[in-house]
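# Structure at a glance
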Amino acid sequence: DTGVSQNPRHKITKRGQNVTFRCDPISEHNRLYWYRQTLGQGPEFLTYFQNEAQLEKSRLLSDRFSAERPKGSFSTLEIQRTEQGDSAMYLCASSYLRGGSYEQYFGPGTRLTVT
Amino acid sequence: AQRVTQPEKLLSVFKGAPVELKCNYSYSGSPELFWYVQYSRQRLQLLLRHISRESIKGFTADLNKGETSFHLKKPFAQEEDSAMYYCALSGHQGTALIFGKGTTLSVSS
C-alpha cells in the first residue's frame, strides 16, 4: 500500500497521559497536514508542514499539542496531559502540486479515546 | 469568516433519481473548492476539484462565485454512491482545508 499510513490505528489512554501518533506520507509528497475529527463534524485543521518546516498552526492547537517532521518525511503528533475532550479521530494527509492545485491524500486516521 | 456550510445532514434518494448535495462557502478571496467522499470503513478520498472541471463517477460540481456555492450533482444515483460527502475549501495553494460538516447520501433501491 503506497498511500498515507498512520500508526497506531487506535489508542486508548487515561486522562493525563501523553500520547504520540505517527504519520508516514506518500513518499514524493512535500506537504503534510494534521486534522482532528469529532463525531458529526468535518475534519478540523491542526497544523501543516512543507518538508520539515511547520508553516501553519491552528488556534485550536493548544500548547499541549506538538507536531514534528524532523527529516521532511514522517511526522509525529504528540498530545501531552491528555483530556477527555481530546478524544477524536486524528487524520494525517499529504499533498503535492498537481494541475495547479494541491490534492490532499488522507490516511486512515488514529482514533484516540481518553478515559 | 471562512466557512463551509452543508445544510443537509442526510439526503435519501432512490436509485436512478437525480442527486444534488449542497455546499455554500464564505471566504474573502478566491478559494479552491473540493468535494471529498468517505465510503463505509474507508478513508477520506478526493472526489472533485473545481479547478479541474472534471466528472468523476458521474458527479460534477460547478463553482458559482456569485452565489458562493459549489453544489455536487449526479443525474442518476447508484446504490454504490451511498457515502458521506464533504465539501472543503482551501484559501490558497496547498494550505489547510476547511471542511463542512458533511452530508450522508443514502441511495436505496
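One structure accompanies this document, and this report is about it. The shown structure was predicted, so the numbers you read here are calculated from the model rather than taken from an experiment.

## Points about the state of the cysteines
- Considering all chains together, one arrives at two disulfides over all chains under this definition.
- C23 of chain A shares a disulfide with C92 of chain A; S-S distance 1.8 Å. Between C23 of chain A and C92 of chain A, the disulfide has an S-S torsion of -70 degrees and is therefore left-handed. Taken together, the residues span a long stretch of sequence, with C23 of chain A in strand 3 (residues 19–24) and C92 of chain A in strand 9 (residues 88–98) at a distance of 69 residues.
- Since its relative accessible area comes to 0%, C23 of chain A is described here as buried.
- Paired by a disulfide, C23 of chain B and C87 of chain B hold their sulfur atoms 2.0 Å apart. A torsion of -65 degrees about the S-S bond marks the disulfide between C23 of chain B and C87 of chain B as left-handed. Note that C23 of chain B is positioned in the loop between strand 3 (19–21) and strand 4 (24–26) and C87 of chain B in strand 9 (residues 83–90), a separation of 64 residues in sequence. For the residue pair C23 of chain B and C87 of chain B, the accessibility class agrees, reading buried in each case.

## Details of the interface of chain A and chain B
- At the interface, 25 residues of chain A touch 18 residues of chain B.
- The interface formed by chain A and chain B includes one salt bridge.
- R49 of chain B is the salt-bridge partner of E103 of chain A, the closest N and O atoms lying 3.5 Å from each other.
- Put simply, chain A and chain B have six residue pairs in polar contact (both at pLDDT 80 or more) between them.
- At the level of secondary structure, the elements contributing two or more residues to the side of chain A that touches chain B comprise strand 4 (31–37), strand 5 (44–50), strand 9 and strand 10 (101–106) of chain A.
- Ranked by the residues each element gives to the side of chain A that touches chain B, the list is headed by strand 10 of chain A, at five residues.

## Brief notes about the sheet that holds strand 3 of chain B
Residues and elements named next belong to chain B.
- Ordered in space as 3-8-7, the three strands form an open sheet in which the pairing is antiparallel. Of all the strands in the sheet, just strand 3 and strand 7 (60–61) have a single pairing partner and so form its edges.
- Two strands pair when backbone bridges link them, and strand 7 and strand 8 (residues 72–74) are joined in this way by two bridges, in the antiparallel orientation. Residue pairing across strands places A61 opposite L72, the latter belonging to strand 8.

## Quick look at the sheet that holds strand 3 of chain A
All names here are of chain A.
- With antiparallel pairing, the four strands of this open sheet are ordered in space as 1-3-8-7. Single-partner strands in this sheet number two, and they are strand 1 (5–7) and strand 7 (65–68). Neighbour-to-neighbour, the strand axes of the sheet open up by a mean angle of 15 degrees, direction not taken into account.

## Focus on the packing of aromatic side chains
Residue and element names in this part refer to chain A.
- What the rule picks out here adds up to 15 aromatic pairs over all chains.
- Where F65 meets Y90, the ring centres are 6.4 Å apart and the plane angle is 35 degrees; that geometry is what we call tilted. Remark: Y90 occurs in strand 9 and F65 occurs in strand 7; sequence separation between them is 25 residues. In this pair, the class of F65 matches that of Y90, namely buried.

## Let's talk about the pairing of strand 10 of chain A
All names here are of chain A.
- Most of strand 10 sits inside the fold, with five of its six residues counted as buried.
- As paired strands, strand 9 and strand 10 are joined by six bridges and run antiparallel to one another. If you follow S95 over to strand 10, its bridge partner there is Q104.
- With antiparallel pairing between neighbouring strands as the criterion, strand 9 and strand 10 make up a hairpin whose turn holds two residues, including G99 at a positive phi of roughly 55 degrees.

## Concerning the nonpolar core
- Membership of the largest hydrophobic core comes to 24 residues, with the highest contact counts inside it found for W35, L47, L72 and Y85 of chain B.
- Only strand 2 (10–14), strand 3, strand 5 (32–38), strand 6 (45–49), strand 9 and strand 11 (103–108) of chain B provide two or more residues apiece to this core.
- In terms of residues, this core owes the most to one element, strand 9 of chain B, which gives four residues.
- Beyond its immediate stretch of four places on either side in the chain, Y85 of chain B contacts Q6, L21, W35, Y36, V37, L47, F59, L72, G102, T103 and L105 of chain B.
- Formed by 19 residues, the second largest nonpolar core is a distinct cluster that contains I26, F49, I79 and C92 of chain A.

Rules behind the numbers
Residues numbered from 1 in each chain as written. Chains lettered and ligands numbered in written order. Predicted model: local features only at pLDDT ≥ 70, side-chain atom pairs only at ≥ 80, totals over all residues. Heavy atoms only, no water. Disulfide = S-S within 2.5 Å. Helix = DSSP H or I, 4+ residues; strand = E, 2+ residues; numbered from the N terminus. Buried < 20%, exposed > 50% of the residue type's maximum accessible area, 1.4 Å probe, protein only. Contact = heavy atoms within 4.5 Å. Salt bridge = Lys/Arg side-chain N within 4 Å of Asp/Glu carboxyl O. Polar contact = N/O pair within 3.5 Å; in protein donor to acceptor, adjacent residues only side chain to side chain. Pairing = 2+ DSSP bridges. Axes fitted to C-alpha atoms, helices over the stretch in contact; angles between N-to-C directions. Phe/Tyr/Trp six-rings, centres within 6.5 Å; stacked < 30°, edge-to-face > 60°. Core = buried A, V, L, I, M, F, W, Y, C linked by side-chain atoms within 4.5 Å.

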